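Chain and residue survey
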Number of protein chains: 2
Amino acid sequence: MTPPRGMRDLLPAEKEARESVLSAIRATYQARGFQEIETPALEELARLTSGQGGDNEKLVFKVQKRGEDFERALEAGEELADLGLRFDLTVPLTRYFASNNAKLPRVLKAIQIGPVWRAERPQKGRYRQFLQCDIDIIGDSTELAELELISASLAALDAIGLSGATIRINDRRLLTSTMAELGLQDHLDKALIAIDKLDKIGVDGVVAELTELVGQQASHAARGWLEAAPSAAMPEILAWTAQLGLLAQRLRFDPTLVRGMGYYTGAIFEIEHPEVAYSIGGGGRYDEMVGRWAGTDTPAVGISLGIERILDLIPASSATDNSLVLLVRDDASGALRSQAELIAQGWRVRLERQAKNTKAQLAELAAAGFSHFAFFQEGSQLDIKPLS
Amino acid sequence: MTPPRGMRDLLPAEKEARESVLSAIRATYQARGFQEIETPALEELARLTSGQGGDNEKLVFKVQKRGEDFERALEAGEELADLGLRFDLTVPLTRYFASNNAKLPRVLKAIQIGPVWRAERPQKGRYRQFLQCDIDIIGDSTELAELELISASLAALDAIGLSGATIRINDRRLLTSTMAELGLQDHLDKALIAIDKLDKIGVDGVVAELTELVGQQASHAARGWLEAAPSAAMPEILAWTAQLGLLAQRLRFDPTLVRGMGYYTGAIFEIEHPEVAYSIGGGGRYDEMVGRWAGTDTPAVGISLGIERILDLIPASSATDNSLVLLVRDDASGALRSQAELIAQGWRVRLERQAKNTKAQLAELAAAGFSHFAFFQEGSQLDIKPLS
């Protein structure tokens, strides 16, 4: 009697905390001229498995063909699925931009808030359906786009009380040229996969993997680079970050930052918070993905926040002090009228049939977070009392 | 380059209209003590096809098993899917209540707002992914639950400007006893399916179908009942509706109202609006469904609003008058600071790189609904002008 494996129900208090965080983030983005859009949860399976999504492509929940199409595919031994649940909001966004281009502003500044699905092995704090909150700017090739995304994301995190959040930054082009300097250019993908594990396996672990790829001599140079990484200064290719003014202090250049997705082409980001070891968001520039669907390349950059991980960092809010329970005995007509009047005065009013054991009922309502109660009796003045 | 068949993207203005309607409905329900909850989009396939959902069970999008489970099922010729996308919010809610019972209030007053999926033949105005907005009361067997749902739904529709909405009401128990009186008790399901088509095929059409079932003589009695239906008075079993006071005038008893779902056990509702021929919402009492999962029956009643159909009735809102475009030339650092200051003053501020053809750019921004613009220049006072 549980939700499907790795998925979860939200209790009223959990849902309220989530919606309150989302409202604050949404308002911050909207104040900066971002506009919310929405795409369906399903996309063509072929689009979700076209090589853009890195390892996530292996984690797609596939939706079966229907009716005769299914029977035919089964008989012919062909692919039985034609649709898939999206594993991120970026692949659908690029498809959306290509689909709706003519009806969108030349530069689209999009907010997307929605669930994504990945058939990962369930772990603590990692779900098979989880919520992402993305902002993307499509159609601006200049660093103004990166600057806005960084500034808006930090403002959103500030708005929900996470002003300790910082951003690690790197550039894919820099990674590629460094790999070439280190003699790893013929093993680029594998070398990046090894470097991506630095947080988990440390410098020795990464060097061991690189040694297997290119031998001891070449990996020696990589060790020097890896050890110097924590103190590296902001490179020329990221000089634009200085335009962030004071906010630039919340950026840290990390030459070893990789990020897994195949589609990044320029700056990449990962958002961190001192209270947790994992990232709470990330993103980057992906100038070639829209072109996969639309034919012509369109510059694009985005930042995604992981809402579940952010909620873990935010203390639960306390009960509201304007929530009233109106206890009803028999006829409800007067109580419904009274409820409407109290709502007009600013109360939240829950009607409840008065139980035989009224004392236990009141104790339960107090525990549920209601602040006040009153007995409704036709013709009598309401006597509103605190539920202590 | 489109979304999957029968599904749709929401453009910024469409999404804004939808969210604004949802906020108003949500606030109306929350003011009455309803609490928002959420369940995953996927449920166990067996639960979605257990005979509760009527015809909708045939329309489930099925999700394939993964990895070895899939290979094994394929080899053994077994069911290849283990999960399905929900076709309504009621079946998941009853599973939710059974799963989380211990952590929920004794009487749960739930709001659910979320997409559902049905693999129907796409038609104008009918989508394969669409949004439902439900309120349900679980744990109250008295008519207080029905009264609250009706009163809250009408208040929500009023809040979004649909005060012309009315509710057709009937009771499944009354339908059953009427069918017995008409000699149709041995063909109950088929008779109800025929009566459910009254709006489409008229009295003659329904009588023709009933004649096939039970012969001419019996169907003659049914004709009399069908013809008298529009002027039927509120019956004893629905006498509780008088407690709605003035709101009772927005209820109309319709003895021929069936509603398709298999799970209803008592009062049933369908919400209508004079401007459209189809219903914009509906619901009813389903006292036996929670018991299917939890073992013990738990009284429950709910009303669902169809958000797409409601949005069709609401005129598009006009542009806001506090939206400013700040045109940036080179360095963005000052513009980012200025943006933050203007937001603090209450503006929505979109940064935009100044185009070579500034005149065309301004015309485009005006068409997109922005109300004001200003050129940003470091060290100069901002000159905010209307974008006419």
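Residues numbered from 1 in each chain as written. Chains lettered and ligands numbered in written order. Predicted model: local features only at pLDDT ≥ 70, side-chain atom pairs only at ≥ 80, totals over all residues.

Turning to the overall build of chain A, a few remarks are in order. What chain A contains, in helices and strands, is 13 helices and 15 strands. With the C-alpha coordinates aligned to their principal axes, the bounding extent of chain A is approximately 90 × 60 × 45 Å. Put simply, chain A has 388 residues, and 40% of those count as buried. In chain A, the share of contacts with a sequence separation of at least 24, taken over all contacts with a separation of at least 6, comes to 65%. (Helix = DSSP H or I, 4+ residues; strand = E, 2+ residues; numbered from the N terminus. Buried ≥ 20, exposed ≤ 12 C-beta atoms within 10 Å, placed from the backbone. Contact = placed C-beta atoms within 7 Å.)

Bringing the sheet that holds strand β13 (residues 348–353) of chain B into the picture now. Reading across from one edge, β13-β12-β14-β15 (chain B) is the order of the four strands in this open sheet, with mixed pairing throughout. Where the open sheet ends on each side, the last strands, each with one partner, are β13 and β15 (385–386) of chain B. (Pairing = 2+ DSSP bridges.)

With 73 residues of chain A at the contact, the number on the chain B side is 73 residues. The residue makeup of the side of chain A that touches chain B, split by class, is 34 nonpolar, 15 polar and 24 charged. (Nonpolar A, V, L, I, M, F, W, Y, C, P; charged D, E, K, R; others polar.)

Before going further, it helps to spend a moment on the domain arrangement of chain A. Once the domains are mapped, chain A shows domain 1 (12–170 + 237–311) and domain 2 (323–386). One C-alpha centre belongs to domain 1 of chain A, the other to domain 2 of chain A, and the line joining them spans 45 Å. (Domains from an automatic or database assignment.)

What follows concerns the nonpolar core. Counting residues in each nonpolar core, the largest one holds 184 residues, and the members touching the most others are Leu326 of chain A together with Leu326 of chain B. With residues up to four places along the chain from it excluded, the contact list for Leu326 of chain B reads Ala335, Ser338, Gln339, Val349, Leu351, Ala374 and Phe376 of chain B. (Core = buried A, V, L, I, M, F, W, Y, C linked by C-beta atoms within 7 Å.)

All names here are of chain B. Here Pro299 shows up in the loop between α10 (289–294) and β11 (300–306). Put simply, Pro299 and Ile138 are 161 residues apart on the chain and 5.9 Å apart in space, counted from C-alpha to C-alpha. Those residues in contact with Pro299 that lie beyond four places of it in its chain are Gly139, Asp140, Ser141 and Asp287.

Residues and elements named next belong to chain A. Most of strand β9 (residues 267–272) is tucked away: five of the six residues are buried. When strand β7 (residues 166–171) meets β9, the two strands line up antiparallel, connected through six bridges. Residue pairing for β9: Thr166 is matched across the bridge by Glu272. The pairing of β9 with strand β10 (residues 281–285) spans four bridges and is classified as antiparallel. Residue pairing in the sheet places Ile268 in a bridge with Gly284 of β10.

Here we take up the pairing of strand β7 (residues 166–171) of chain B. Two strands pair when backbone bridges link them, and β7 of chain B and strand β8 (residues 251–253) of chain B are joined in this way by three bridges, in the parallel orientation. Counterpart to Ile169 of chain B in the pairing with β8 of chain B is Phe253 of chain B.

Next up on the list: the relation of the copies chain A and chain B. After a rotation of 180° and a shift along the axis of 0.0 Å, chain A superposes on chain B with an RMSD of 0.0 Å. Taken together, the rotation angle and the small translation identify this as a two-fold axis. For chain A, the smallest separation between a C-alpha atom and the rotation axis is recorded for Val63 of chain A, amounting to 2.2 Å. Both copies present the same face, since 100% of the interface residues in chain A are matched by interface residues at the equivalent positions in chain B. (Least-squares fit on C-alpha atoms with pLDDT ≥ 70 in both.)

Residue and element names in this part refer to chain B. The geometry of helix α1 (residues 12–31) relative to helix α5 (residues 144–159) is characterised by a closest axis approach of 9 Å and an angle of 145° between their N-to-C directions. Note that α1 runs across α5; the crossing there is right-handed. Residues Ala24, Ile25, Thr28 and Tyr29 of α1 form the contact with α5, whose participating residues are Ala152, Ala155, Ala156 and Ala159. Split by residue class, the contact of α1 with α5 holds seven nonpolar, one polar and no charged. (Axes fitted to C-alpha atoms, helices over the stretch in contact; angles between N-to-C directions. Left-handed = near helix turned anticlockwise from the far one by under 90°.)

Moving on: the confidence of the model for chain A. This prediction gives chain A a mean pLDDT of 92; 99% of its residues lie at or above 70. For this predicted complex, the interface confidence comes out at an ipTM of 0.92, alongside a pTM of 0.93. (pLDDT = per-residue confidence, 0-100.)

This part takes up α5 of chain B. In this model, α5 of chain B (16 residues) spans 22 Å end to end at C-alpha, consistent with the 22 Å of a helix rising 1.5 Å per residue. Once α5 of chain B ends, the next one or two residues include Gly161 of chain B, with phi positive near 90°. (Expected span 1.5 Å × (residues − 1).)

Residue and element names in this part refer to chain B. Taken together, the eight strands give an open sheet; going across it, the order is β1-β5-β6-β11-β10-β9-β7-β8, and neighbouring strands pair in mixed fashion. This sheet does not close on itself; its edge strands, each paired only once, are β1 (35–36) and β8. Each of β1, β5 (108–117), β6 (129–138) and β11 touches α1; the most contacted strand, β5, lies at about 160° to it. Taken strand by strand, helix α4 (residues 90–100) contacts β5, β6 and β11, and its axis lies near 135° from that of β5.

Right, let's get into the environment of His187 of chain B. You can see His187 of chain B is positioned in the loop between α6 (172–181) and α7 (188–196). Once you skip the residues sitting within four places of it in the chain, His187 of chain B turns out to touch Leu213 and Val214 of chain B.

What follows is about the environment of Lys65 of chain A. All names here are of chain A. Inspection of the secondary structure puts Lys65 in the loop between β3 (62–64) and α3 (67–76). Residue classification places Lys65 among the buried residues on the basis of 20 C-beta atoms within 10 Å. For the pair Lys65 and Lys385, spaced 320 residues apart in sequence, the C-alpha to C-alpha distance is 59 Å.

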